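Take a look at the letters that make up each chain.
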Amino acid sequence: MFYRLFKCVVLVPLLRWLFRPRIEGLEHVPGAGAAIVAGNHQSFCDQFLLGVTLRRRIHFLAKVEYFTGRGLKGRLAAAFFRGIGAIPVDRSGNGAGQAGVDSGLAVLDAGGLLGIFPEGTRSHDGRLYKGRVGVAAMALRSGVPVIPCAMIGTFEAQPAGRRVPSVVPITLRFGKPLDFSRYAGMEDQRAALRAITDEIMYAILVLSGQEYVDRYAVEAKAEARTKALSERATAPQSR
């Protein structure tokens with residue numbers, strides 16, 4: 001009830017007024033039944049834009065820290081993320097990947113729509129990075145189709161670190177569902193999971209037109225941060 005009320009009264013009018021998103025290929029998203037929507041991740045607002053674009057409810061995996069804040073602010077944040085369909089996942093420790101897969105499968109087993117950003121984190125430079133294989137594991141174990149989705153313009157609107165988004169043209173482009181039934185029975189084969197993930201990322205790449213980087217985003221982001229700190233430390237100090 002909270003989700004429908006919040007979506008219709010607050011999110012939809014606000015985001016449509018701010019961004020006036022253009023929607024392409026919406027017919028590829030099933031109106032009922034389990035499916036995965038896999039998209040590029042460029043901005044904090046990506047999941048909200050997907051939520052207001054789709055007619056049906058979509059669930060996302062979110063880091064557990066969004067739900068564990070203290071005080072009134074923490075409780076309100078937790079209620080907000082639960083209300084928009086976010087599912088808390090503890091990403092610390094060796095079992096983080098499996099915990100995410102299990103949480104996603106629970107949504108799909110119930111016939112729900114699951115939103116995933118295979119890059120695992122927001123792009124720090126607007127490029128598309130290598131996907132994590134969790135999306136492939138969920139697709140194979142559940143047997144559901146994967147709908148590729150491209151967010152275009154959200155990086156320019158709100159890159160990582162910017163609190164207030166800029167008003168720029170935004171497009172959400174959905175591609176034809178991808179069927180991976182030919183890989184049935186290969187859920188535990190790393191090569192199969194990698195091939196499926198790469199196919200999903202290529203479909204997103206075709207839709208988005210981004211430059212592709214064959215590295216994990218978290219690694220590239222850490223390297224960029226280290227380089228920036230090093231350059232700052234060696235830069236001549238002005239007096």
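Preceding this section is the structure that the text describes.
Note that the structure is a prediction, hence the values are computed from the model and not measured.

## What about the overall build of the protein chain?
For step 1, the next point in the chain: Helix and strand counts for the protein chain stand at eight helices and nine strands.
For step 2, the next point in the chain: The buried share of the protein chain, taken over its 239 residues, is 47%.
For step 3, the next point in the chain: Pairs at least 24 residues apart make up 79% of the contacts formed inside the protein chain by residues separated by at least 6 positions.
For step 4, the next point in the chain: Carbon and sulfur atoms provide 55% of the accessible area of the protein chain, an area that totals close to 12800 Å².

## So, the pattern of salt bridges
For step 1, the next point in the chain: Within this structure, the stated rule accounts for seven salt bridges.
For step 2, the next point in the chain: Among the salt bridges present, the one from D125 reaches R127, with a minimum N-O distance of 2.9 Å.
For step 3, the next point in the chain: Members of the salt-bridge network, linked through shared partners, are R22, E24 and R173.

## Remarks on the packing of aromatic side chains
For step 1, the next point in the chain: Tallied over the entire structure, the rule returns three aromatic pairs.
For step 2, the next point in the chain: Ring geometry for F44 and F48: centres 5.3 Å apart, planes at 65 degrees, overall edge-to-face.
For step 3, the next point in the chain: For F44, a relative accessible area of 32% puts it in the partly exposed group.
For step 4, the next point in the chain: Residue F48 is classed as buried on the basis of its relative accessible area, which comes to 9%.
For step 5, the next point in the chain: The lysine or arginine in question, K130, covers the ring of Y216, its NZ or CZ lying 4.9 Å from the ring centre.
For step 6, the next point in the chain: Above the face of the Y216 ring, R132 is positioned so that its terminal group lies 3.9 Å from the ring centre.

## What about the sheet that holds strand 3 (residues 58–63)?
For step 1, the next point in the chain: Taken together, the seven strands give an open sheet; going across it, the order is 1-8-7-2-5-3-4, and neighbouring strands pair in mixed fashion. Edge positions in the sheet fall to strand 1 (22–24) and strand 4 (86–89), since each has one partner strand and no second. Direction aside, the axes of adjacent strands within the sheet are offset by 25 degrees on average.
For step 2, the next point in the chain: Taken together, the four bridges between strand 7 (residues 146–152) and strand 8 (residues 171–174) define a ladder with antiparallel strand orientation. Paired with C149 across the strands is F174, a residue of strand 8.
For step 3, the next point in the chain: The strands that helix 5 (residues 134–142) touches are strand 2 (35–39), strand 3, strand 5 (113–116) and strand 7; relative to strand 2, the one it contacts most, it runs at about 165 degrees.

## Examining the environment of P177
For step 1, the next point in the chain: Here P177 lies in the loop between strand 8 and helix 7 (190–208).
For step 2, the next point in the chain: In this structure P177 comes out as partly exposed when scored by relative accessible area, which is 43%.
For step 3, the next point in the chain: Each C-alpha atom of the pair P177 and P145 lies 5.7 Å from the other, and the pair is 32 residues apart in sequence.
For step 4, the next point in the chain: Setting aside its immediate chain neighbours within four residues, P177 contacts H28, P145, V146 and I147.

## Some thoughts on the packing of helix 5 against helix 7
For step 1, the next point in the chain: Relative to each other, helix 5 and helix 7 sit at 105 degrees, their axes nearing to 8 Å. Here helix 5 is positioned roughly perpendicular relative to helix 7, judged by the angle of their axes. Contacts between helix 5 and helix 7 pair V135, A136, A137 and L140 from the former with L193, I196, T197 and I200 from the latter.
For step 2, the next point in the chain: Broken down by class, the residue content of the contact of helix 5 with helix 7 amounts to seven nonpolar, one polar and no charged.

## Looking at the side chain of T154
For step 1, the next point in the chain: In this fold, T154 is placed in helix 6 (residues 154–157).
For step 2, the next point in the chain: What makes T154 buried here is its relative accessible area of 0%.
For step 3, the next point in the chain: A distance of 2.9 Å separates a polar atom in the side chain of T154 from a polar atom in the side chain of D46.
For step 4, the next point in the chain: Look past the residues within four positions of T154 in its chain and what remains in contact with it is Q42, S43, C45, D46, L49, P159 and I170.

## A closer look at the nonpolar core
For step 1, the next point in the chain: In terms of nonpolar packing, the biggest core is built from 30 residues, with I36, L108, M138, V146, F180, I196 and I200 touching the most fellow members.
For step 2, the next point in the chain: Contributing elements (two or more residues each) for this core: strand 2, helix 4 (96–109), strand 5, helix 5 and helix 7.
For step 3, the next point in the chain: Ranked by residue count, the leading element in this core is helix 7, at eight residues.
For step 4, the next point in the chain: Ignoring any residue separated from it by four or fewer positions in sequence, one finds I200 in contact with A38, V135, V146, L178 and F180.
For step 5, the next point in the chain: In this structure, C45, I147, A157 and F174 belong to the second largest nonpolar core, which totals 19 residues.

Thresholds applied
Along each chain, residue indices are assigned from 1 in the same order as the chain's sequence is written. With pLDDT at 70 or above as the cut-off, local features in this predicted model cover only qualifying residues; side-chain atom pairs require 80 or more to be listed or tallied, and sums for whole chains, interfaces and linings still use all residues. To get the side-chain values, all heavy atoms of the structure are used, and hydrogens and water are removed first. Strands here are runs of E lasting at least two residues and helices are runs of H or I lasting at least four, both read from the DSSP assignment and numbered beginning at the N terminus. Under the scheme applied here, a residue whose accessible area is under 20% of the maximum for its type counts as buried, over 50% as exposed, and between as partly exposed, the area being computed with a 1.4 Å probe on protein chains only. The contact rule is simple, with two residues in contact once any of their heavy atoms fall within 4.5 Å. Accessibility throughout is a Shrake-Rupley quantity obtained with a 1.4 Å probe, and a residue counts as covered only by protein chains that appear here. Basic side-chain nitrogens of Lys or Arg form a salt bridge, by our definition, when they fall within 4 Å of a carboxyl oxygen of Asp or Glu. Note on aromatic contacts: the rings of Phe and Tyr and the six-membered ring of Trp form a pair at centre separations within 6.5 Å, being stacked when their planes are under 30 degrees apart, edge-to-face when over 60 apart, and tilted otherwise. Any Lys NZ or Arg CZ found within 6 Å of a ring centre and within 35 degrees of that ring's normal is scored as a charge over the ring. If DSSP finds at least two bridges between two strands, the strands pair. Angles run from 0 to 180 degrees between N-to-C directions of axes, and those axes are lines fitted to C-alpha atoms, restricted for helices to the stretch in contact. The labels follow the angle: roughly parallel below 35 degrees, roughly antiparallel above 145, roughly perpendicular from 65 to 115, and oblique for the rest. Residue type decides the class: Asp, Glu, Lys and Arg count as charged, Ala, Val, Leu, Ile, Met, Phe, Trp, Tyr, Cys and Pro as nonpolar, and the leftover types, Gly among them, as polar. Side-chain atoms alone can form a polar contact between residues adjacent in sequence; in general such a contact is a pair of N or O atoms within 3.5 Å, and within protein one must be able to donate a hydrogen while the other accepts it. What is meant by a nonpolar core is a set of buried Ala, Val, Leu, Ile, Met, Phe, Trp, Tyr and Cys residues, joined one to another through side-chain atoms within 4.5 Å.

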